[in-house]
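Per-entry structural report
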Amino acid sequence: MALNATPAAERIHIGFFGKRNAGKSSVMNAVTGQDLAIVSEQKGTTTDPVYKTMELLPLGPVMLMDTPGLDDEGALGELRVKKAYQALNKADIALVVIDAVEGPSKEDFSLLSRIQKKEIPYLIIWNKEDLLAEQTKEGLEEKKRETEALFFKDEGRGFEDQRGCREPMIWISAGKGTGIEELKEKMAHLLVQEKNSRQLVGDLIQPGNMVVLVVPIDKASPKGRLILPQQQTIRDILDNGATAVVVRDLEYKDTLEKLGKKPDLVITDSQVFARVSAETPVDVPLTSFSIVFARYKGLLFPAVAGARALEKLRDGDRVLISEGCTHHRQCGDIGTVKLPGWIREYTKKTFEFCFSSGTEFPEELENYQMIVHCGACMLNEKEMRYRISCAADQGVPITNYGILIAYMHGILERSLDIFGM
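Source: prediction; values computed, not measured. (Residues numbered from 1 in each chain as written. Predicted model: local features only at pLDDT ≥ 70, side-chain atom pairs only at ≥ 80, totals over all residues. Heavy atoms only, no water.)

Close contact between helix H11 (residues 334–347) and helix H13 (residues 401–408) brings their axes to 11 Å; oriented N to C, the two are set at 30 degrees. Taken together, H11 and H13 sit at an angle that is classed as roughly parallel. Every pair of crossing elements has a handedness; the one defined by H11 and H13 is left-handed. For the pair formed by H11 and H13, the contact residues are Ile 334, Gly 335, Leu 339, Trp 342, Ile 343 and Tyr 346 on the first element and Tyr 401, Leu 404, Ile 405, Tyr 407 and Met 408 on the second. (Axes fitted to C-alpha atoms, helices over the stretch in contact; angles between N-to-C directions. Helix = DSSP H or I, 4+ residues; strand = E, 2+ residues; numbered from the N terminus. Parallel < 35°, antiparallel > 145°, perpendicular 65-115°, else oblique. Left-handed = near helix turned anticlockwise from the far one by under 90°. Contact = heavy atoms within 4.5 Å.)

As structure tokens, then:
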């Protein structure tokens, strides 16, 4: 990925949800002006969530998510519905597509309940307006009012947002292309127009500072490129007028001697944390990429508390090690090999290690005594906060790679000093 490209985790995630044949794929194609999703009269054409990154004005860089129908049937259908609901966990905007001819269903009401519980900005899209019975303009408007009124019956099915207003709604025809521009404008207004205050390291450094990044190159490293956390950190340093010095752990000590001045900050890969800490002067701030991303994704405070739960683990306890991406496991992989080894060595106990990756984060967590998460560079903030809340709700301590490694090596306090903790 180019350094100036917007990573998927930093894009606005827009999900299209609804029943089979409500027109989700057609609406997504109409919004983008491209045939991104397969459209068919046959129910259940979309069997897995479809993800597409693009620039969509006036929103900017987005990740579009087309999801399976929520009324899918059978054992396989249940799995598809589960996948659709999982997409809600990362949605910044939820677009509820309803067949205007058929009207709302129990699946639509159930979906809206979940969306409101998660406090996701949403828009109800009445699709297939062109297929309503031909009638006068006044008659058509009356038909729309009757359809919308189904949402506000006194049977516990009516919904209001936090402002006490009825749902934002729009009538369109994806097939005819009517109402699409208005739809995009409404989507833009759904997002709270606030300046994003989250920064990786920009608020920790000053223009003219020198930041040393320690990047080990081993068998587990991707060939010919840097991984995303390293790319994003370098870009953030440059954007803030500072200097980034990138070095392998093998040359790190020698590089410090050649620099002629002490760096203003050192950020290291977690797997060489102990060695880099020993070689870094005590008056030089030190942290890791994983810890920087823990703060960026909202995990820092619970992860610090979660690391201490390591002392309470007993022989036979289950530890979930979770990664946000799916990559080919190499010999000496940090998540599946090195980290379990370090945990066993530190505790002198035997645990049952379980692993998850990508979107496959377990919903039921009660059977785990601890969760160790990666830096979550491939997950957006909403998805990471969902995972944190799941752990908190079920009483399972959660930490992350860098924080736990720093804790086990006795350098956690030092690695957090730069954040004022």
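Taken N-terminus to C-terminus, the directions of helix H10 (residues 300–307) and H13 make an angle of 40 degrees; their axes are 9 Å apart at the nearest point. Judged on the interaxial angle alone, H13 and H10 are oblique. The handedness of the crossing between H10 and H13 comes out as right-handed. Facing Leu 300, Ala 303, Val 304 and Ala 307 of H10, the residues of H13 in contact are Ile 403, Leu 404 and Tyr 407. For the contact of H10 with H13, the per-class residue count stands at seven nonpolar, no polar and no charged. (Nonpolar A, V, L, I, M, F, W, Y, C, P; charged D, E, K, R; others polar.)

Let's shift gears to the sheet that holds strand S7 (residues 210–214). As summarised here, the arrangement of the four strands in space is S8-S7-S9-S10, forming an open sheet in which the pairing is parallel. The open sheet has two edge strands with one neighbour each: strand S8 (243–247) and strand S10 (286–288). Direction aside, neighbouring strands of the sheet carry axes that sit 25 degrees apart on average. Note that S7 and strand S9 (residues 265–268) share four bridges and pair parallel. Across the sheet, Val 214 pairs through a bridge with Thr 268, a residue of S9. Across the sheet, helix H7 (residues 252–259) lies against S7, S8 and S9, angled at about 165 degrees from S7, the strand it touches most. Seen against the sheet, helix H9 (residues 289–296) touches S7, S9 and S10 and runs at an angle of roughly 75 degrees to S10. (Pairing = 2+ DSSP bridges.)

This part takes up unusual backbone geometry. If a residue is not glycine, its phi is most likely negative; likewise, a peptide bond is most likely trans. One non-glycine residue, Glu 119, lies in the positive phi region at around 55 degrees. Along the chain, Glu 119 turns up in the loop between helix H3 (106–117) and strand S5 (122–127). Classification of Glu 119 as exposed rests on a relative accessible area of 59%. Positive phi values are uncommon outside glycine, yet Lys 128 reaches one of about 70 degrees. With respect to the helices, strands and loops of the structure, Lys 128 is situated in the loop between S5 and helix H4 (137–149). (Buried < 20%, exposed > 50% of the residue type's maximum accessible area, 1.4 Å probe, protein only.)

We now examine the pairing of strand S4 (residues 93–99). Among the seven residues in S4, seven count as buried, and that is most of the element. Of the two faces of S4, the one lined by Ile 93, Leu 95, Val 97 and Asp 99 and the one lined by Ala 94, Val 96 and Ile 98 are each fully buried. Two elements, strand S1 (residues 12–18) and S4, share five bridges in a ladder whose sense is parallel. Across the sheet, the residue bridging to Phe 16 is Leu 95, located in S4. In terms of strand pairing, S4 meets S5 through six bridges, oriented parallel. Opposite Ala 94, over in S5, you have Tyr 122 as the bridge partner. Considered for its hand, the β-α-β crossover made up of S4, H3 and S5 is right-handed. (Right-handed = clockwise from strand over helix to strand, strands pointing away.)

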